[in-house]
Amino acid sequence: MRYNFTVNTKAIGKARPRFNTYTKATYTPQKTKNYEEIIKNTFQEKYGLKINPSANEIYIKIDVEYAPPESYSKKKKAELIDCKQGYMHKPDVDNIAKAVLDALNGVVWLDDKQVVGLLVLKAYGKEDKIDIEIIEVK
């Protein structure tokens, strides 16, 4: 099975777990929870709510685009977009991947340990978006 979908939002990285000193429990920050929910909902809107999570090997490509800052000139923006200039700013690719993998856990696959191949690319683009391609190997 192969899935392709686009999340039309700015990619953020998975935030570190926080610790509540009163309850002595760790928790995921709300911003990360909301972001992961957007990814999950985008997948489910395209492919439906009744997908059975796969138990097979999974390969994933995450292609992230960031719009150039508004303060850049039109010429500078065009140069960055046309040559697909790499985006060498935060968030780190590993944190982007972790957020995507956690968002789709139990939705597309049973557990993200099934992901055996992962490619994450960051570049400038016309708009903020995340293109996700998932390939299930039977």
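Residues numbered from 1 in each chain as written. Predicted model: local features only at pLDDT ≥ 70, side-chain atom pairs only at ≥ 80, totals over all residues. Heavy atoms only, no water.

1. Quick look at the overall build of the protein
So the rule is basically this: Labels follow the DSSP assignment, with helices taken as runs of H or I lasting at least four residues and strands as runs of E lasting at least two, numbered in each case from the N terminus. Throughout this description, buried means an accessible area under 20% of the type-specific maximum (1.4 Å probe, protein chains only), exposed means over 50%, and partly exposed covers the range between. The contact criterion used is simple: two residues touch if any of their non-hydrogen atoms lie within 4.5 Å. The Shrake-Rupley method, run with a 1.4 Å probe, gives the accessible areas here. Residue values count only the displayed protein chains as cover.
Scanning the protein for helices and strands turns up three helices and six strands. Of the regular secondary structure in the protein, the N- to C-terminal order runs β-β-β-α-β-α-α-β-β. The buried share among the 138 residues of the protein stands at 38%. Long-range contacts, defined as pairs at least 24 residues apart, comprise 84% of the intrachain contacts of the protein with a sequence gap of at least 6. Accessible surface, the protein: about 8,600 Å² in total, of which carbon and sulfur atoms supply 51%.

2. Focus: the environment of phenylalanine 19
With respect to the secondary-structure elements, phenylalanine 19 resides in strand E2 (residues 18-20). Those residues within four positions of phenylalanine 19 in sequence are excluded, and the remaining contacts are Lys24, Ala25, Thr26 and Tyr27.

3. Things to note about the nonpolar core
What counts is decided by this rule: To qualify as a nonpolar core, a set must consist of buried Ala, Val, Leu, Ile, Met, Phe, Trp, Tyr and Cys residues joined through side-chain atoms within 4.5 Å.
Ranked by internal contacts, the top residues of the largest apolar core, which has 31 residues, are Ile39, Ile60, Ile62, Leu104, Trp109, Ile132 and Ile134. Put simply, the parts of the chain that give this core at least two residues each are strand E1 (2-7), helix H1 (30-47), strand E4 (57-66), helix H3 (93-104), strand E5 (115-124) and strand E6 (129-137). Ranked by residues supplied to this core, first place goes to H3 with seven residues. Not counting residues within four places of it along the chain, the set of residues in contact with isoleucine 134 comprises Met1, Arg2, Tyr3, Phe5, Ile58, Tyr59, Ile60, Leu104, Val108 and Trp109.

4. Some details on the pattern of salt bridges
Using the following cut-off: What makes a salt bridge here is a side-chain nitrogen of Lys or Arg within 4 Å of a carboxyl oxygen of Asp or Glu, nothing more.
Following the criterion strictly, the structure yields ten salt bridges and no others. Residue lysine 77 pairs with glutamate 70 through a salt bridge whose shortest N-O separation is 3.5 Å. A cluster of three or more residues bridged by salt bridges with shared partners is formed by Lys14, Glu36, Lys98, Asp102 and Asp112.

5. Thoughts on H1
Put simply, the rule reads: Between the first and last residue of a helix there are one fewer steps than residues, each counted as 1.5 Å, and that sum is the expected span.
With 18 residues, H1 extends 26 Å between its outermost C-alpha atoms, agreeing within 8% with the 26 Å of an ideal straight helix rising 1.5 Å per residue. Those residues of H1 that fall on the buried side of the exposure criterion are Thr32, Tyr35, Glu36, Ile39, Thr42, Phe43 and Gln44. The inward-facing, buried residues of H1 abut E1, H3 and E6. One or two steps after H1, the chain reaches glycine 48, where phi turns positive at roughly 95°.

6. Points about the packing of H1 against H3
Selection criterion: Note on method: axes are straight lines fitted to C-alpha atoms, helices fitted across the in-contact stretch only, with angles between N-to-C directions ranging 0 to 180 degrees. Throughout, the term roughly parallel applies to angles under 35 degrees, roughly antiparallel to angles over 145, roughly perpendicular to angles from 65 to 115, and oblique to all others. Handedness of each helix crossing follows the sense of rotation of the near helix against the far helix: counterclockwise by less than a right angle gives left-handed, clockwise gives right-handed. Note on residue categories: nonpolar means Ala, Val, Leu, Ile, Met, Phe, Trp, Tyr, Cys or Pro, charged means Asp, Glu, Lys or Arg, and polar means any other residue, Gly included.
As a packed pair, H1 and H3 sit with axes 8 Å apart at the nearest point and diverge in direction by 55°. The orientation of H1 with respect to H3, classified from their angle, is oblique. In this structure, H1 crosses over H3, and the sense of that crossing is right-handed. Seen from H1, the contacting residues are Tyr35, Glu36, Ile39, Lys40 and Phe43; seen from H3, they are Ala99, Val100, Asp102, Ala103 and Leu104. Considering only residue class, the contact of H1 with H3 consists of seven nonpolar, no polar and three charged.

7. Topic: the confidence of the model for the protein
Rules: The pLDDT value tells you how sure the predictor is about a given residue, anywhere from 0 up to 100.
For the protein, mean pLDDT is 94; residues scoring 70 or higher make up 100% of the total. For the protein, the element scoring lowest by mean pLDDT is E2, at 83; E4 scores highest, at 98.

8. A short note on the packing of aromatic side chains
Using the following cut-off: For this analysis, a ring pair means two rings from Phe, Tyr or Trp (six-membered ring only for Trp) whose centres lie within 6.5 Å, classed as stacked if their planes differ by under 30 degrees, edge-to-face if by over 60, and tilted for the remaining angles.
Summed over all chains, the structure comprises six aromatic pairs. Here tyrosine 3 and phenylalanine 43 contribute two aromatic rings whose centre-to-centre distance is 5.1 Å and whose plane-to-plane angle is 75°, an arrangement assigned as edge-to-face. With tyrosine 3 in strand E1 and phenylalanine 43 in helix H1, the pair connects residues that are 40 residues apart, well separated along the chain. For phenylalanine 43, a relative accessible area of 0% corresponds to the buried category. Ring geometry for tyrosine 66 and tyrosine 87: centres 3.9 Å apart, planes at 15°, overall stacked. Of the two residues, tyrosine 66 sits in strand E4 while tyrosine 87 sits in the loop between helix H2 (74-82) and H3, which places them 21 residues apart along the sequence. By relative accessible area, tyrosine 66 is classed as buried at 1%. Judged by relative accessible area, which is 13%, tyrosine 87 ranks as buried. Among the aromatic residues, those joined into a ring-pair cluster are Tyr3, Phe5, Phe43 and Tyr47.

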